[in-house]
Amino acid sequence: MDAEDQKTELSEKLESLDVEELKDLRKTVDRAISSYETRKRQEAISAVEQAAREHGFKLADLLGNGKAGRGRKSDAGGAAGAAKYVNPDNLEQTWSGRGRRPQWINDALESGRTLEDLAA
């Protein structure tokens, strides 16, 4: 049986399935795709790690961020997302100064404090 005949046969089988069977099949296909991508990604990481070892390095040493994988480059001012402001009433609440201001910052500013007062 050639590829075109296989496609036709598969198409006919798919047409005979009800919606629940098709949804189950989609879940199975999605899991298979995810598994395939994970396997290929791990193969690529292993190959890169092996190449680094052959040159006398660890992959983390070459990436410069201490771990393998995707990372964000940090600013000249320090680690990306490092806390610049701390809530003096709750030291666990911090803000990097990026993005939307947390409510505790807004409350502090409304009460007369300045960002300098909240600097970490």
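Provided above is the structure to which this section pertains.
Residues take numbers from 1 onward in each chain, read along the sequence in its written order. Only residues with pLDDT of at least 70 get local features here, since the model is predicted, and only at 80 or more are side-chain atom pairs given and counted; chain-wide, interface and lining totals rely on the full set of residues. Side-chain numbers here rest on the full set of heavy atoms in the structure, without hydrogens or water.

K.L.:
Give me the overall build of the protein: which residues, what numbers.
P.N.:
The helix and strand inventory of the protein stands at 5 helices and 2 strands. Secondary structure elements follow DSSP: runs of H or I no shorter than four residues count as helices, runs of E no shorter than two count as strands, and numbering proceeds from the N terminus. What you see in the protein, going N to C, is helices and strands ordered as α-α-α-β-β-α-α. Within the protein, buried positions represent 8% of all 120 residues. Taking all contacts inside the protein whose residues are at least 6 apart in sequence as the whole, residues at least 24 apart take part in 21%. Each residue is assigned to one of three classes by its accessible area relative to the maximum for its type, calculated with a 1.4 Å probe on protein chains only: buried under 20%, partly exposed between the two thresholds, exposed over 50%. Should any heavy atoms of two residues lie within 4.5 Å, those residues are considered in contact.

K.L.:
Residue-level account of the side chain of Asn87, with values.
P.N.:
With respect to the helices and strands, Asn87 occurs in strand S1 (residues 85-87). Separated by 2.4 Å, the side chains of Asn87 and Gln93 make a polar contact. Nitrogen and oxygen atoms within 3.5 Å of one another constitute a polar contact, given that in protein one can donate a hydrogen and the other can accept it, and given that sequence-neighbouring residues count only through two side-chain atoms.

K.L.:
Lay out the nonpolar core in plain terms, naming residues and giving numbers.
P.N.:
The set of buried Ala, Val, Leu, Ile, Met, Phe, Trp, Tyr and Cys residues whose side-chain atoms join them within 4.5 Å is what this entry labels a nonpolar core. In this structure, Tyr85, Trp95, Trp104, Ile105, Ala108 and Leu118 together form the largest nonpolar core, which totals 6 residues. In terms of residue count, helix H4 (residues 103-110) provides more of this core than any other element does, 3 residues in total. Other than its neighbours up to four places away in sequence, Trp95 contacts Ala83, Lys84, Tyr85, Arg100, Arg101, Pro102, Trp104, Ile105 and Leu115.

K.L.:
Give a description of the pattern of salt bridges that names residues and reports values.
P.N.:
The term salt bridge refers to a pairing of a side-chain nitrogen on Lys or Arg with a carboxyl oxygen on Asp or Glu at a separation within 4 Å. Inspection of every chain in the model, using the stated rule, returns 3 salt bridges. Close ionic contact of Glu9 with Lys13 constitutes a salt bridge, the shortest N to O distance being 3.4 Å. Linking Glu9 with Lys13, this pair stays in helix H1 (residues 3-15), spanning 4 residues, or about one helical turn. Measuring nitrogen to oxygen at the nearest pair gives 3.5 Å for the salt bridge that ties Glu43 to Lys40. Here Lys40 and Glu43 lie together in helix H2 (residues 19-54), a separation of 3 residues that amounts to about one turn.

K.L.:
Help me get a handle on H2, residues and values and all.
P.N.:
Multiplying one less than the number of residues by 1.5 Å gives the expected span of a helix. With 36 residues, H2 ought to run about 52 Å at 1.5 Å a step, and its terminal C-alpha atoms sit 52 Å apart, in line with that. The N-terminus of H2 is capped by Asp18, whose side-chain oxygen sits 3.1 Å from the backbone nitrogen of Glu20. Count one or two residues on from H2 and you reach Gly56, which has phi positive near 85 degrees.

K.L.:
Explain a positive patch on the surface residue by residue, including any values.
P.N.:
A contiguous patch of positive charge, built from Lys23, Arg26, Lys27 and Arg31, is present on the exposed surface. Its relative accessible area of 54% is what places Arg31 among the exposed residues. Surface patches are defined over residues having more than 30% relative accessible area and no salt bridge, joining like charges when they lie within 9 Å and nonpolar side chains (Val, Leu, Ile, Met, Phe, Trp, Tyr) when within 5 Å. Only the protein chains shown count as covering a residue, and every accessible area follows the Shrake-Rupley method with a 1.4 Å probe. Positive charges come from Lys and Arg, negative ones from Asp and Glu, while His and the chain ends are left out of the count. All charge positions are set by atom: Lys at NZ, Arg at CZ, Asp at CG, Glu at CD.

K.L.:
Can you break down H4 residue by residue, with the values?
P.N.:
Burial in H4 covers these residues: Trp104, Ile105 and Ala108. The buried residues of H4 all sit within an arc of 105 degrees when viewed along its axis, so they share a single face. Facing away from the buried side of H4 by more than 90 degrees, the exposed set consists of Gln103 and Glu110. Of the surrounding secondary structure, the elements contacted by the buried residues of H4 are S1, strand S2 (90-95) and helix H5 (115-118). The first or second residue beyond H4 is Gly112, which carries a positive phi of 105 degrees. Arc definition: directions from the helix axis to the C-beta atoms.

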